[in-house]
Each structure stands twice: as C-alpha cells, then as structure tokens.
Amino acid sequence: MSIETNLLEIKNEIEQVQVTLVAVSKTKSVEEIKEAYDAGQRIFGENQVQELVEKHPALPQDIFWHMIGHLQTNKVKYIAPFVHLIQSVDSLKLLKEIDKNAKKHNRVIDCLLQIHIAEEESKFGLSHEEVIELLRSGDYQQMQNIRIVGLMGIATNTENGKVIKEEFYELKTFFDGLKISFFKEKDYFNILSMGMSSDYRLAITQGSNMIRLGSGIFGSRANKQ
Ligand SMILES: *Cc1c(COP(=O)(O)O)cnc(C)c1O
C-alpha cells in the first residue's frame, strides 16, 4: 500500500480518540517524507541527529520535527535551533544541555522524559526514582528554557500482549501520579507518548495520546533500527 493510503487509514482510525500521530521517518528518503507531507502529515520523528539535521533544510519548514532517539549531549547544539519536541530525555545532564542551547537561541524547547518500561536492559530511559530525583533537583527548578510536557516509553519487543499492556498501564499510572505531585497547575504536562506500529492500538487502550509509527506508514525498514 502507498504511504498516503497507510496514513489516511491510520488517521481515520485514531480520529475519534484524540491521539497525535508522529510519522517516524528514520532511514526514509526526503521523497518518501514529502509523500507523507503531501498527504497532510506535519509531525515527523527521527532518531539520529545527523539524519534530522540533513532532512530539516530539505523539506518544508512547517514540519514539526521530533527527536525520538537517544541523544548525546554534544549533539544537542545541532538540533536546538529548530527541534519541536525532544521525546528522549533520559538524564538531568542532557536536560541541562538542552536548556543551555535553547537559551542561546532564545527558545523554550519542549521535552518528554523517557521512562524505562521494557524488560530489555538495552532500552534507554529513566527509572521512576530517577525522574522524581530529577524533578526535585535545584538544577531542574532553575531551568528557564525547557519545559517537560510529558513522558515517553518503549514497551518490550514481544508478541506477548499482556506484558506490553502492563508496561503501558504502569507508564500511564506513573504519568497520572507525576501530574498530581509535580505539575498540578501546569496544564502543559499532558503528553503521554507510547505505542509504535506493532502496539499502538494497545497503547491507546491504556491511555496513550501520542503514537510513533514508522513501518506502519512507510513500510518496513531495510536495516532494523
Ligand atoms: C523506530 C521507532 C519507532 C517506530 O517504530 P515502528 O515499529 O517502525 O513503528 C517509534 N519510536 C521510536 C523511539 C523508534 O526508534
């Protein structure tokens, strides 16, 4: 099926549930992204700084670019001028660097804290304890140029729906708790990014309001990343 057909089907499916669709365009060409753009898609996610920096000038400037992959502190400067949302903040050190670079560009950069919910050791992300420590730190409280607008999580890569469902449930529960404890009067803390092509339906049943779909829109990637 074409990129346009895939997109329209997914959009149709999520129309009723107020879920934001991020088209994950990593490894895909500028032409393929343009096809999705022409079908109306405006939010795209990339997981490599270099790819993001190359694609940004080659595509329409009203695209909202999300960084969804592990971000090294020394690369923040390349995306700070234009990135719309950094979904993969997994340390206080990284958050500080984003704040510093956003300030240089006179911006406030929206961020999601990436929470480790999967069984796999290899997936990046903060533990619940680390999040609470971060939010209580003096360093965080002094930051003027970042805004934490929600959480992101990647479930275990498994066929076992029960495991995935429990991980999403846990993340939603943590999100609700943080909202009450740390973001009470701050209605900008409202994004819960969970769900990819294989598990987005399950994620939505568990309260996701942002899904990140790559292969479900663009077809499978040559080398899996
Ligand atoms: C690649 C990627 C996705 C999309 O994965 P698909 O299975 O192709 O939908 C979503 N989130 C993150 C963080 C990714 O790296």
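Definitions and cut-offs
Residues numbered from 1 in each chain as written. Predicted model: local features only at pLDDT ≥ 70, side-chain atom pairs only at ≥ 80, totals over all residues. Heavy atoms only, no water. Helix = DSSP H or I, 4+ residues; strand = E, 2+ residues; numbered from the N terminus. Buried < 20%, exposed > 50% of the residue type's maximum accessible area, 1.4 Å probe, protein only. Lys, Arg positive; Asp, Glu negative; His and termini not counted. Salt bridge = Lys/Arg side-chain N within 4 Å of Asp/Glu carboxyl O. Contact = heavy atoms within 4.5 Å. Polar contact = N/O pair within 3.5 Å; in protein donor to acceptor, adjacent residues only side chain to side chain. Near = heavy atom within 4 Å. Areas by Shrake-Rupley, 256 points an atom, 1.4 Å probe, with all protein chains shown as cover. Arc of directions from axis to C-beta. Expected span 1.5 Å × (residues − 1). Phe/Tyr/Trp six-rings, centres within 6.5 Å; stacked < 30°, edge-to-face > 60°. Lys NZ or Arg CZ within 6 Å of the ring centre and 35° of its normal. Core = buried A, V, L, I, M, F, W, Y, C linked by side-chain atoms within 4.5 Å.

**Quick notes on the side chain of aspartate 199**
And step 1. Here aspartate 199 shows up in the loop between strand S7 (191–194) and helix H9 (200–205).
And step 2. Of the side chains bearing the opposite charge, arginine 212 lies closest to the buried aspartate 199, which forms no salt bridge; the N-O distance is 6.6 Å.
And step 3. In contact with aspartate 199, other than residues within four places in its own chain, are Ala155, Ile164 and Phe168.

**Here we look at the side chain of glutamate 46**
And step 1. Structurally, the position occupied by glutamate 46 is in strand S2 (residues 43–46).
And step 2. Separated by 2.8 Å, the side chains of glutamate 46 and lysine 55 make a polar contact.
And step 3. Here glutamate 46 is in contact with Ser25, Lys26, Thr27, Ile33, Glu51, Leu52, Lys55, Trp65, His66, Met67, Ile68 and Gly69, once residues within four sequence places are set aside.

**Digging into the pattern of salt bridges**
And step 1. Under the defined criterion, the tally for this structure stands at 10 salt bridges.
And step 2. Across the pair glutamate 13 and arginine 201 runs a salt bridge, and its minimum N-O distance is 2.7 Å. In this pair, glutamate 13 sits in helix H1 (residues 3–14) while arginine 201 sits in helix H9, placing the two residues 188 residues apart along the sequence.
And step 3. Of the residues examined, glutamate 13 reaches a relative accessible area of 36% and is grouped as partly exposed.

**As for the site of the ligand**
And step 1. In the vicinity of the ligand, 12 residues are found, and the nearest of them are Lys26, Ser197, Gly214, Ser215 and Arg221.
And step 2. Take arginine 212: an N or O atom from its side chain is 2.9 Å from a nitrogen atom of the ligand.
And step 3. At a separation of 2.8 Å, an oxygen atom of the ligand approaches a polar side-chain atom of arginine 221.
And step 4. When the ligand is considered free in solution it has 390 Å² of accessible area, and contact with the protein chains removes 91% of it.

**Quick look at helix H2 (residues 30–38)**
And step 1. Turning to H2, its buried residues number three or more, namely Ile33, Ala36 and Tyr37. Along the axis of H2, the buried positions cluster into a sector of 105 degrees, meaning they face one direction only. Away from its buried face, by an angle of more than 90 degrees, H2 presents the exposed residues Glu31 and Asp38.
And step 2. Contact partners of the buried residues in H2: H1, S2, helix H3 (49–58), strand S3 (64–67) and helix H10 (215–218).
And step 3. Immediately beyond the C-terminal end of H2, within one or two residues, lies glycine 40, with a positive phi of roughly 110 degrees.

**Focus on helix H8 (residues 161–182)**
And step 1. With 22 residues, H8 extends 31 Å from end C-alpha to end C-alpha; this agrees with the ideal 32 Å at 1.5 Å per step.
And step 2. Among the residues making up H8, those that are buried are Val163, Ile164, Glu167, Phe168, Leu171, Phe174, Phe175 and Leu178. One side of H8 carries all its buried residues, which in axial view fall inside an arc of 130 degrees. Exposed residues on H8 whose side chains face more than 90 degrees from its buried face are Lys162, Tyr169 and Ile180.

**Details of the packing of aromatic side chains**
And step 1. Counting across every chain of the model gives three aromatic pairs.
And step 2. Measuring from ring centre to ring centre gives 5.1 Å for phenylalanine 175 and phenylalanine 189, while their planes differ by 20 degrees; the resulting arrangement is stacked. Of the two residues, phenylalanine 175 is situated in helix H8 and phenylalanine 189 in the loop between H8 and S7; the sequence distance between them amounts to 14 residues. By the burial criterion, phenylalanine 175 is buried, and phenylalanine 189 matches it.
And step 3. Seen from their ring centres, phenylalanine 183 and phenylalanine 189 are 3.9 Å apart, and the 5 degrees between their planes marks the pair as stacked.
And step 4. Under the relative-accessibility criterion, phenylalanine 183 is labelled buried at 2%.
And step 5. Among the aromatic residues, those joined into a ring-pair cluster are Phe175, Phe183 and Phe189.
And step 6. Its end group placed over the ring of tyrosine 37, arginine 42 keeps NZ or CZ at 3.6 Å from the ring centre.

**Quick notes on the nonpolar core**
And step 1. Core analysis: the largest hydrophobic core is formed by 61 residues, its most contacted members being Ile86, Ile148 and Leu151.
And step 2. Counting residues per element, this core draws most heavily on H8, at six residues.
And step 3. Discounting residues that sit within four places of it in the chain, leucine 151 has contacts with Leu112, Leu113, Ile115, Leu171, Phe174, Phe175, Leu178, Phe189, Ile191, Leu192 and Ser193.
And step 4. Counting residues in each nonpolar core, the second largest holds nine residues, with Val22, Ile43, Ile154 and Ile191 among its members.

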